[in-house]
Amino acid sequence: MNQQPPLAALRDSIASVFLGNSAAIDRLIVCLLARGHCLIEDVPGVGKTVLATALARSIDASFSRLQLTPDLLPADILGVSIYRRDPTSGGGGFEFTRGPIFANIVLADEINRATPRTQTALLEVMSDAAVTIDGITHPLAQPFMLVATQNPSDFEGTFLLPENQLDRFLMRVTLGYPSPTDEARILDQRPSNGVLHALKPAVTRDQVVALQAVTDAVKFERSLRDYIVALATATRSHPDLQLGLSPRAALALAQAARGTAVLAGRDYVIPEDITGNLLAVGAHRVIPRTTVGGSSIAAAERTLMQVLGSVKSPA
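Note that the structure is predicted; figures quoted are calculated from it, not measured. (Residues numbered from 1 in each chain as written. Predicted model: local features only at pLDDT ≥ 70, side-chain atom pairs only at ≥ 80, totals over all residues. Heavy atoms only, no water.)

Looking now at the pairing of strand β9 (residues 145-150). The two faces of the sheet receive side chains in turn, since in a regular strand these alternate between them. Counting buried positions over the six residues of β9 gives six, a clear majority of the element. Of the two faces of β9, the one holding Met145, Val147 and Thr149 and the one holding Leu146, Ala148 and Gln150 are both buried throughout. Sheet topology note: the strand β1 (residues 38-41)/β9 ladder contains four bridges and is parallel. Within the sheet, the bridge partner assigned to Cys38 lies in β9 and is Val147. Here strand β6 (residues 105-109) pairs with β9 via four bridges, running parallel. Paired with Leu107 across the two strands is Val147, which belongs to β9. (Buried < 20%, exposed > 50% of the residue type's maximum accessible area, 1.4 Å probe, protein only. Helix = DSSP H or I, 4+ residues; strand = E, 2+ residues; numbered from the N terminus. Pairing = 2+ DSSP bridges.)

Bringing unusual backbone geometry into the picture now. For the bond running from Gln142 to Pro143, omega is 0 degrees, close enough to zero to count as cis. In this fold, Pro143 is placed in the loop between β8 (136-139) and β9. Phi at Glu110 takes a positive value of approximately 55 degrees, unusual for a residue other than glycine. For Glu110, the location among the structural elements is in the loop between β6 and α5 (116-120). Residue class for Glu110 comes out partly exposed when judged on its relative accessible area of 23%.

Think of a sheet as strands paired side by side through backbone hydrogen bonds, with each pair either parallel or antiparallel. Ordered by their spatial adjacency, five strands build an open sheet running β3-β6-β9-β1-β10, and the pairing between neighbours is parallel. On the outer flanks of this sheet lie β3 (63-67) and β10 (171-173), each paired with one strand and no other. Taken over all neighbouring pairs, the strand axes of this sheet differ in orientation by 15 degrees on average, direction set aside. Direction of pairing for β3 relative to β6: parallel, over a ladder of five bridges. Bridged to Arg65 within β6 is Leu107. Along the sheet, helix α3 (residues 48-57) contacts β1, β3, β6 and β9; its crossing angle with β9, the most-contacted strand, is approximately 165 degrees. (Axes fitted to C-alpha atoms, helices over the stretch in contact; angles between N-to-C directions. Contact = heavy atoms within 4.5 Å.)

Let us look at the pattern of salt bridges. Following the criterion strictly, the structure yields twelve salt bridges and no others. Asp26 is paired through a salt bridge with Arg11; the nearest N and O atoms lie 2.9 Å apart. Residue Asp26 is located in helix α2 (residues 22-33), and its partner Arg11 is located in helix α1 (residues 6-15); the two are separated by 15 residues in the primary sequence. Relative accessible area serves as the criterion here: at 22%, Asp26 is assigned to the partly exposed category. What emerges from the salt-bridge pattern is a single network uniting Asp167, Arg248 and Arg285. (Salt bridge = Lys/Arg side-chain N within 4 Å of Asp/Glu carboxyl O.)

Another aspect to go through is the side chain of Ser58. Note that Ser58 resides in the loop between α3 and β2 (59-60). Owing to a relative accessible area of 0%, Ser58 belongs among the buried residues under this scheme. With residues near it in sequence (within four places) discarded, Ser58 still touches Leu10, Ser13, Ile14, Leu199, Lys200, Pro201, Ala202 and Val203.

Let us now look at the nonpolar core. If you look at the biggest cluster of nonpolar residues, it comprises 69 residues, and the most contacted ones within it are Ile14, Leu51, Leu55, Met145, Met171 and Ile274. It is helix α12 (residues 247-263) that contributes the most residues to this core, ten residues altogether. What Leu51 contacts, discounting residues up to four positions off in sequence, is Ile14, Phe18, Ala24, Ile25, Leu28, Ile40 and Leu175. Ile111, Met126, Leu166 and Phe169 belong to the second-largest nonpolar core, a separate cluster that totals 28 residues. (Core = buried A, V, L, I, M, F, W, Y, C linked by side-chain atoms within 4.5 Å.)

Moving on: the side chain of His37. Note that His37 resides in the loop between α2 and β1. Given a relative accessible area of 4%, His37 falls into the buried group. From its side chain, His37 meets the backbone oxygen of Met126 in a polar contact 3.0 Å long. (Polar contact = N/O pair within 3.5 Å; in protein donor to acceptor, adjacent residues only side chain to side chain.)

In this structure the tally under the stated criterion is two aromatic pairs. Taking the centre distance of 5.3 Å and the plane angle of 70 degrees together, the rings of Tyr83 and Phe94 count as edge-to-face. Separated by eleven residues along the polypeptide, Tyr83 in strand β4 (residues 79-85) and Phe94 in strand β5 (residues 92-98) bring together distant segments of the chain. Residue classification places Tyr83 among the partly exposed positions, given a relative accessible area of 46%. When the centroid spacing of 5.9 Å and the interplanar angle of 65 degrees are considered together, the rings of Phe96 and Phe102 count as edge-to-face. Owing to a relative accessible area of 18%, Phe96 belongs among the buried residues under this scheme. On the basis of relative accessibility, which here comes to 18%, the residue Phe102 falls in the buried class. The positively charged end of Arg266 is found above the aromatic ring belonging to Tyr268, 5.7 Å away from the centroid. (Phe/Tyr/Trp six-rings, centres within 6.5 Å; stacked < 30°, edge-to-face > 60°. Lys NZ or Arg CZ within 6 Å of the ring centre and 35° of its normal.)

This is how it looks when you write it as structure tokens:
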């Protein structure tokens, strides 16, 4: 096990496979610290699956990968109750067989290729870290994090994620194309073919749980809580938005700020922890009235930047 501090070891482990874009690595780690789920959205081939898999392999915990397809059913993810007969007594009963969702880190690859029915099956999992089958609730082991990847919604064969499910992702992260220097390193090292499969855990499951507890305890001044409320309120009355930030979004922004503080080595939140996370936490949750270049996300980000400029930040 790496002797570095846990967060530095985790970051270095992921960066050894996912070359470039350290900001995306940090966002994923913040989601983990904040007990949140992450949606990685971008065009094919830029490393979405590599990034998510590198996080999972860097933690000494259970990992499951779901390849979402239109024919996948909820039971294929959650599990199913099967009647098992006792040959001795002639009786029997139903026994719950757990699905692949029962893991600490779950990669839902190309989530928007699954049908809305299958997507909806993940709502309880994302909100409560539990699965209810036949009236019996089965809790998931901690830590639990869902990392979903998806191609842009205008790609063929995709289904739009419903608003209530988007609201359960703490962050939406885009990767973009690597710089020429980083792309040359990728061509030289081919990390997904070698380094990724040989990656060893850098932190333990217990260390992650402890770091999440540290994140929950980060100090949050009243003025900063009021700042988040003011930002959320401003989005709800903004003329360019049909739907502003929900109370769940405000909670998510606060928790993301705490995770950012821990990643920076602080036990208190500063305004930049809030402003730096607003787009990643909020752009996929608000609904703009118009688009920018055909993109609703771009319109949402533009409006959120306007809100940032209109609400005074605490000194």
